[in-house]
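Working through the structure, step by step
Given next are the chains, with one letter for each unit.
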Amino acid sequence: MSMDRADIAFAVNGAAVSVNVPPLRRLSLVLRDELRLTGTKVGCDAGDCGACTVLVDGAPVCACLMSAASASGTMVTTVEGLANGRLSALQASFLAHGAAQCGICTPALLVAGSALLDTKPRPTETEVQDALGGILCRCTGYRKIITAVMEASLQTASLDFRLPRSGQAIGASPVRLDGVPKVTGAEKFGGDSFPADALAVLVIRSPHHHAGFAFGDIDGWASSHPGITGVFTAADIPGKNCFGVIGPFADQPALAEGFARLRGEAVALVAGEREAILDLDLSDFPVRWTELPHVLQPGDAQAEGAALIHENRPANLLTKGFVERGDPESALADAAFTASNAIDTSYVEHAYIEPEAGYAYLDGDTLVVVACTQAPYMDRDDTAKVLGLAVDKVRIVPTATGGGFGSKLDVSLQPLIGLVALKTGRPAALAYTRNESMMSTTKRHPARMKATVGADAEGHVTGMIFEGDFNTGAYASWGPTVANRVPVHASGPYFTPNYRAEGRAIHTNGPIAGAFRGFGVPQATIMQETLYDELAGKLGIDRLDFRMKNCLRNGSETVTGQVLESGVGIAECLEALRPHWARATADADAFNSANLDRKRGVGVASCWYGCGNTSLPNPSTIRVGIAADGAVVLHQGAVDIGQGSNTVITQICADALGLPLEKFRLKSADTAISPDAGKTSASRQTFVTGKAAEKAGRALREKILRFANVSDKASLELDGPAIVIREGEATRSIDLAALGVDTDGSVFRAEETYDPPTLPLDAKGQGKPYAVYGYGAQIAELEVDLRLGTVRLIRIIAAHDVGKAINPLLVEGQIEGGIAQGIGMALMEEYIPGRTENLHDYLIPTIGDVPPIETILVEVPDPEGPFGAKGLGEHVLIPTAPAILNAIRHATGVLVTKVPATPSRILAAIREKEARA
């Protein structure tokens, strides 16, 4: 790109502006960097995600594809221009309908939706889908977005922001407490607040799956490129060049030394002035690559004589998990019927719309990292280790996170920008490109699984054997968690008296496989639920009835020997689906009798999922206090990545304390000021952090009541800087300003920790791995074109036991978003290293791919959860893919055993069946 600059004038949000920039600079960069209108997001720089959509002379345009010169003389409208001192009706409608979750795609959707509403105030669903079809959302499942646009004309801009009164927060659906910045463009994500004087950082990455490398004259190269401040390699790392989310398995260097184990691995950093970095051509960077043999499949990695990817891991086996109960071989030998099969699944990319981004700077002798993340305390500890700093000399300040789904649990750029800041003394900023994000960050584990399930003549499951090899890629990441969680869950939520399951995490030179919404359970559930359909067919039992006959109930023992004394809601979920099942199967029969080339299918699948870590400590700590001005200050350290923890945890604390939501002031995750609420993963925040918030709220209430010398029947009220306490006819007022404050600025304060009660698993996997499980079941209705192999989804019905819906609107949003990701896993998503490293070749569901979703909230309280609540975030994705695969088999008579079930695979299976006939 030429460094020549020109004055370019245009209007933005009604005001005339002039910028002096290179004429070919992307309009998206001009808006963000020159005009600081960071509501316009950058997700791909290729026009694939639509996050940078703005209006140019009233028409939606991808700002990343438009040059600054092309904008000359035009009128540009960004999300910041939609509201004129108050929310627009569409912005208010997004809040009212819960259409914004993480919020990274929300500005673009609002801009495009506004353009539609200008010409069609009451659009149809098809018109909304057409208008917004170029904008990807990974969180919401699109359904609430469609409703918000269609009903915007019914929504007044003066949205009722009144919050529930004291004691009425649980079960209410107030507008999310962090919602307004998401719809105005004011929310700051990882790349939205880089300091003006920050050095820009580029990462040199391996183009090969396995390669040795050597550097040439780095200093000479840097000096020949004006504006380059420095180049940094592993030799510059002052601490231990190794990180990992599970300490005993940590094995990943921040910068590779001598050889790279995977494509996309970081080997060097280039730091320089922003303008120099924007124009830098790295093709002449002095690194010489020597490509080495590589293995991408677990079978090849475990073949005799295969080279070891890590010398200390024989046969390239990272670890394995194991659960055994009873005598499964005998049970299967004696079974009246058995079903066996093998299924392979693929790498799945998280595809959050916000690539990794952040900046680091020195505050005295403390390194501060401001970046998107799901796990601030884990980031702090690994960054400190790599950079040789004491943990109290590293501060992690999470930004808003534009989607995570598990991949932003691992550190990515944190130690890299930290290294540059330490070495130069200047702030250092880095935003991954879409390509390097997809190359270098973690994926869902591909699985190669086989299993057999047996039942007696009455249809009771008697035994199951499961084996799964999970491709964990070049480094450990969350591979041990997947290997251990899968055997616990592979039975599904069904009583299985004789059982053996083994999950193996195997190293290859493929992408690192880590956490992705379910930790291996979605893959195992595909195996188990498709076998259940086959077994039901052999027994001649209705598929839903077969599941009802075998599902866990209160008092059941799991495959780990855990007695589920109460709170088991899978039967209620299946029962809630029964009328829908009868209607859907009748509809399919009628359609199929009248059509030859297209057939309808109906599938059902269930799930269960343990909330939190498997048989390991998993604490969360919450602090809440009353400030002298009468505000309730909640240190809410659970990172909200769109799931709604900022709102849900505050609702729990509010009702436990007995004060209204409107009095709460949030202090979000920051390792310098907020206690550790644990990582946002494993569907733990509502349950674990919510329980800590409930305990903290009750403890604070008790402190106030004791100070006032009243009973626990008294009510609390905040009246300015005073607490009013009423008990019977008596009223007492406590003047907060007259009391001293502690170091935290609180007059009264409580801090509580909750750690779920679990027990270790023994050598046979017997024990109590989780304190609370969530349950769910889904029906998929679809149509298959037998000539093309294409699938059209008609409807998905989802019944999920959440224990207690703390916020029903947010629960629905989680269900719809999880289902959308399950649709992608089932039908289209397949990450292929070196081939699908962008959002053009890697397909995720668009607004037209997600059918109507009917949500049924089942509430079977668990006594361990806060107000009876259970986790939900991962559960909702688990049954979707197997329900779809079962529906495809119902329609076509064939099971696709390589997932995703693409048209070519469906068609091949149909042709193979026809050839056998």
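Just above sits the structure.
The sections below set out a description of the structure shown in this document. All residue numbers here refer to positions counted from 1 along the written sequence of the relevant chain. pLDDT decides what is reported in this predicted model: residues at 70 or higher carry local features, side-chain atom pairs at 80 or more are listed and counted, and totals for whole chains, interfaces and linings draw on all residues regardless. For the side-chain quantities, the full set of heavy atoms in the structure was used; hydrogens and water were omitted.

**With respect to the packing of aromatic side chains**
Note on ring pairs: Phe, Tyr and Trp rings are taken, using the six-membered ring of Trp, and paired if centres are within 6.5 Å. Classes follow the plane angle, with under 30 degrees stacked, over 60 edge-to-face and the rest tilted. Counting across every chain of the model gives 15 aromatic pairs. When the centroid spacing of 6.5 Å and the interplanar angle of 85° are considered together, the rings of Y347 and Y831 count as edge-to-face. In this pair, Y347 sits in the loop between strand 13 (337-344) and strand 14 (348-349) while Y831 sits in the loop between helix 20 (808-827) and strand 33 (853-858), placing the two residues 484 residues apart along the sequence. Residue Y347 shares its accessibility class with Y831, and that shared class is buried. Judged by centre distance (4.5 Å) and plane angle (35°), the rings of Y494 and Y532 are tilted. One end of the pair, Y494, is in the loop between helix 14 (479-489) and strand 22 (499-507); the other, Y532, is in helix 15 (residues 521-539), and 38 residues separate them in sequence. Neither residue differs from the other here; Y494 and Y532 are each classed as buried. These aromatic residues form a ring-pair network of at least three members: F213, F215, W221, F285 and W289. Between the NZ or CZ atom of K408 and the centre of the ring of Y352, over which it lies, the distance is 4.2 Å. Put simply, a charge is over a ring when the Lys NZ or the Arg CZ is close to the ring centre, within 6 Å, and near the line of the ring normal, within 35 degrees. Over the ring of F516 we find R444, and its NZ or CZ is 4.3 Å from the ring centre. The helix and strand labels rest on DSSP assignments: H or I over at least four residues marks a helix, E over at least two residues marks a strand, and numbering proceeds from the N terminus. The buried label applies to any residue whose accessible area, calculated with a 1.4 Å probe on protein chains only, is under 20% of its type's maximum; exposed applies above 50%, and partly exposed to all values in between.

**So, the pattern of salt bridges**
By convention in these notes, a salt bridge is any Lys or Arg side-chain nitrogen within 4 Å of a carboxyl oxygen on Asp or Glu. The final tally for this structure, using the stated rule, is 62 salt bridges. As a salt-bridge pair, K41 and D192 come within 2.5 Å of each other at their nearest N and O atoms. Of the two residues, K41 is situated in the loop between helix 1 (27-34) and strand 3 (53-56) and D192 in the loop between helix 6 (179-184) and strand 6 (199-205); the sequence distance between them amounts to 151 residues. By relative accessible area, which is 4% here, D192 ends up buried.

**Overview of empty space enclosed by the protein**
Buried and open spaces are told apart on a 1 Å grid over the protein atoms alone, a cavity being a set of points where a 1.4 Å probe fits but cannot get out and a pocket being an open set with protein on both sides within 12 Å along at least five of seven lines. Residues with an atom within 4 Å of a point are the lining residues. Grid points are joined across faces, edges and corners, and a volume is the space filled by probe spheres set on the points. Under the defined criterion, the tally for this structure stands at 9 cavities of 30 Å³ or more. Of the volumes computed, that of the largest cavity is approximately 570 Å³. If you trace the largest cavity, you find 35 residues lining it, with Q643, S683, Q814, L872 and G873 closest to the centre. Among the secondary structure elements, those contributing two or more residues to the lining of the largest cavity are helix 18 (645-657), helix 19 (685-708) and helix 20. Residue contributions to the lining of the largest cavity peak at 3 residues, all from helix 20. In terms of residue class, the lining of the largest cavity is made up of 15 nonpolar, 15 polar and 5 charged. Volume-wise, the second largest cavity comes out at about 300 Å³. In terms of lining residues, the second largest cavity is bounded by 28 residues, among which F243, Q252, V411, S412 and S440 are the most central. By residue number, the principal contributor to the lining of the second largest cavity is helix 12 (residues 414-424), which donates 3 residues. Any residue outside Ala, Val, Leu, Ile, Met, Phe, Trp, Tyr, Cys, Pro, Asp, Glu, Lys and Arg is labelled polar, Gly included; the first ten of those are nonpolar and the last four are charged. Looking at the lining of the second largest cavity residue by residue, the class counts come to 12 nonpolar, 10 polar and 6 charged.

**Brief notes about the nonpolar core**
Throughout, nonpolar core names a set of buried Ala, Val, Leu, Ile, Met, Phe, Trp, Tyr and Cys residues whose side chains join them through atoms within 4.5 Å. By size, the foremost hydrophobic cluster in this structure holds 156 residues, and its most contacted members are F94, F466 and I884. Of the residues forming this core, the biggest block, 9 residues, is contributed by helix 15. By size, the runner-up hydrophobic cluster in this structure holds 45 residues, among which are A169, I622, V632 and L657.

**Some words on the layout of surface pockets**
Taken as a whole, the second largest pocket spans an internal volume of roughly 920 Å³. Contributing to the lining of the second largest pocket are 49 residues, with I246, W478, N613, L616 and K679 lying nearest its centre. Those elements that provide at least two residues to the lining of the second largest pocket are strand 12 (317-325), helix 11 (376-387) and helix 14. When its residues are assigned to classes, the lining of the second largest pocket shows 24 nonpolar, 16 polar and 9 charged.

**Comments concerning the sheet that holds strand 26 (residues 664-668)**
Any two strands are treated as partners once DSSP identifies two or more bridges connecting them. Pairing is mixed in the open sheet, where 4 strands are placed in the order 26-25-24-30. In this open sheet, the two edge strands, each paired with only one partner strand, are strand 26 and strand 30 (746-754). In this sheet, adjacent strand axes meet at a mean angle of 20° when their direction is disregarded. Bridge count between strand 24 (residues 620-627) and strand 30: 8 bridges; the pairing is antiparallel. The partner of S620 across the bridge, within strand 30, is Y754. Strands strand 24, strand 25 (632-636) and strand 30 of the sheet are contacted by helix 19, whose axis makes an angle of about 145° with strand 30. Axis definition: a line fitted to C-alpha atoms, over the contacting stretch in the case of helices. Angles run 0 to 180 degrees between N-to-C directions. Contact criterion: two residues are considered in contact whenever any of their non-hydrogen atoms come within 4.5 Å of each other.

**Section: unusual backbone geometry**
For residues other than glycine, phi is negative in most cases, and the peptide bonds are mostly trans. Of the consecutive residues V899 and P900, the connecting peptide bond is found in the cis state with omega at 15°. Topologically, P900 is positioned in the loop between helix 21 (880-892) and helix 22 (903-916). Despite not being glycine, Y142 has its phi angle at roughly 70°, a positive value. Structurally, the position occupied by Y142 is in the loop between helix 4 (125-132) and helix 5 (143-150). Residue classification places Y142 among the buried positions, given a relative accessible area of 1%.

**Considering the pairing of strand 33**
As paired strands, strand 32 (residues 791-801) and strand 33 are joined by 6 bridges and run parallel to one another. Across the sheet, A798 pairs through a bridge with T855, a residue of strand 33. Handedness of a crossover is defined as follows: with both strands directed away from the viewer, a clockwise route from the first strand across the helix to the second makes it right-handed. One crossover worth recording links strand 32 to the parallel strand 33 by way of helix 20, and it is right-handed.

**Observations concerning the sheet that holds strand 27 (residues 715-718)**
Strand order in this open sheet of 3 strands is 27-28-29, and the pairing throughout is antiparallel. Looking at strand neighbours, the two that pair on one side only are strand 27 and strand 29 (730-735), the edges of this open sheet. In this sheet, neighbouring strand axes are inclined to one another by 20° on average, regardless of whether the strands run parallel or antiparallel. Alignment of strand 27 against strand 28 (residues 722-727), held across 4 bridges, turns out to be antiparallel. Its bridge partner lying in strand 28, L718 is registered against I723. The sheet contacts of helix 19 involve strand 27, strand 28 and strand 29, and relative to strand 29 the element is tilted by about 105°.

Read these as geometric descriptors, not functional statements.
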